[in-house]
Amino acid sequence: MAPGEQPALWVAGFAQDSIVDGPGLRLTVFCQGCPHHCPGCQNPETWPFEGDRAVLPQEIAALAGQDPLVRGVTLSGGEPFAQAEGCAALARLLKARGYELATYTGYTFEELLAGTPAQKRLLEQIDILVDGRFVQAERSLELRFRGSRNQRILDVPKSLAAGAAVWTADPRWVGEG
């Protein structure tokens, strides 16, 4: 890769104007490839790491910019942290443009803190992290923006500052107030 060149992301698809992957209208990017293979996963077609759709971070940022009502972008999967370098490049572009960035991951915050340098760079760009593998026995349709009770909705800047997971208090995410 040449200096300044952005790594392409393998994507399974996009959901424009999503209202289920975080508060407000969002662009959701479904990354291709997941090592977790959680039983009951809602996106098993994203598990294979082989894909035929490589998209540059600049193209995804431009897609978000096409809709002036979109205020947030959600990285979902597959597993965004399996493509941490490309997702971190995308996250930097989106943050520079003022978007709230949320990411769903099967990893826990603690696993990511001990992860690769690229995973840590991605983590540093995220506002909200919904962490933990989907557990079918913990599934609930009553949960806001998460699929199973073991998953947490974390305030990443506060979590990084504390060196430990800190649940978000943002009522847009937790549904209070």
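Residues numbered from 1 in each chain as written. Predicted model: local features only at pLDDT ≥ 70, side-chain atom pairs only at ≥ 80, totals over all residues. Heavy atoms only, no water.

A.B. asks: With reference to specific residues and values, describe the state of the cysteines.
C.D. replies: Following the criterion strictly, the structure yields zero disulfides and no others. The thiol of Cys34 is not disulfide-bonded; the next cysteine sulfur, from Cys38, is found 6.2 Å away. Of all cysteine sulfurs in the structure, the one in Cys31 sits closest to Cys87, which takes part in no disulfide; the separation is 3.8 Å. Given a relative accessible area of 0%, Cys87 falls into the buried group. (Disulfide = S-S within 2.5 Å. Buried < 20%, exposed > 50% of the residue type's maximum accessible area, 1.4 Å probe, protein only.)

A.B. asks: How would you sum up the pattern of salt bridges? Please name residues and give values.
C.D. replies: Think of it this way: side chains of opposite charge can pair up when their charged atoms draw near. Applying the stated criterion across every chain, the model contains eight salt bridges. As a salt-bridge pair, Glu110 and Arg152 come within 2.7 Å of each other at their nearest N and O atoms. Of the two residues, Glu110 is situated in helix 3 (residues 109–113) and Arg152 in strand 7 (residues 152–155); the sequence distance between them amounts to 42 residues. On the accessibility criterion, Glu110 (40% relative accessible area) is partly exposed. By relative accessible area, which is 18% here, Arg152 ends up buried. Residue Asp131 is joined to Arg152 by a salt bridge in which the shortest nitrogen-to-oxygen separation is 2.6 Å. Of this pair, Asp131 sits in strand 6 (residues 128–131) while Arg152 sits in strand 7; the two residues are 21 residues apart in sequence, bridging distant segments of the chain. (Salt bridge = Lys/Arg side-chain N within 4 Å of Asp/Glu carboxyl O. Helix = DSSP H or I, 4+ residues; strand = E, 2+ residues; numbered from the N terminus.)

A.B. asks: Outline the nonpolar core, supporting the account with residue identities and numerical values.
C.D. replies: Residues Leu27, Ile60, Val73, Phe81, Leu94, Leu122 and Leu129 are the most contacted members of the largest nonpolar core, which totals 30 residues. Those elements that place two or more of their residues in this core are strand 1 (9–18), strand 2 (26–31), helix 1 (57–65), strand 4 (72–76), helix 2 (84–96), helix 3 and helix 4 (117–123). With five residues, helix 2 is the single largest residue contributor to this core. Beyond its immediate stretch of four places on either side in the chain, Phe81 contacts Thr103, Thr105, Tyr107, Leu112, Gln119, Leu122, Leu123, Ile126 and Leu129. One finds Ala102, Tyr104, Ile128 and Trp173 within the second-largest nonpolar core, a separate group that totals seven residues. (Core = buried A, V, L, I, M, F, W, Y, C linked by side-chain atoms within 4.5 Å. Contact = heavy atoms within 4.5 Å.)

A.B. asks: I'd love a proper account of the pairing of strand 5 (residues 100–104), names of residues and values included.
C.D. replies: In terms of residue burial, strand 5 counts as a mostly covered element, since five of its five residues are buried. The alternating pattern of strand 5 places Glu100, Ala102 and Tyr104 on one face and Leu101 and Thr103 on the opposite face, and all of these are buried. As paired elements, strand 4 and strand 5 share four bridges and run parallel to each other. Residue Thr74 lies in a different strand from strand 5, and its bridge partner there is Ala102. The parallel pair strand 4 and strand 5, bridged by helix 2, forms a crossover whose chirality is right-handed. Note: strand 5 against strand 6, three bridges, orientation parallel. In the strand pairing of strand 6, Tyr104 is matched with Val130. (Pairing = 2+ DSSP bridges. Right-handed = clockwise from strand over helix to strand, strands pointing away.)

A.B. asks: An account of the packing of helix 1 against helix 2 is needed here, citing residue identities and associated values.
C.D. replies: Interhelical geometry of helix 1 versus helix 2 gives an angle of 40 degrees and a closest axis separation of 9 Å. Looking at the two axes, helix 1 sits oblique to helix 2. The interaxial crossing formed by helix 1 with helix 2 has right-handed handedness. Residue-level contacts link Pro57, Gln58, Ile60, Ala61 and Ala64 of helix 1 to Gly86, Ala89, Leu90, Leu93 and Leu94 of helix 2. Within the contact of helix 1 with helix 2, the residues separate by chemical class into eight nonpolar, two polar and no charged. (Axes fitted to C-alpha atoms, helices over the stretch in contact; angles between N-to-C directions. Parallel < 35°, antiparallel > 145°, perpendicular 65-115°, else oblique. Left-handed = near helix turned anticlockwise from the far one by under 90°. Nonpolar A, V, L, I, M, F, W, Y, C, P; charged D, E, K, R; others polar.)

A.B. asks: Any details on helix 1? Residues and values, ideally.
C.D. replies: All of the buried residues along helix 1 are Pro57, Ile60, Ala61, Leu63 and Ala64. Relative to the axis of helix 1, the buried residues are bounded by an arc of 155 degrees and lie together on one face. Packed against the buried residues of helix 1 are strand 1, strand 2, strand 3 (54–55), strand 4 and helix 2. (Arc of directions from axis to C-beta.)

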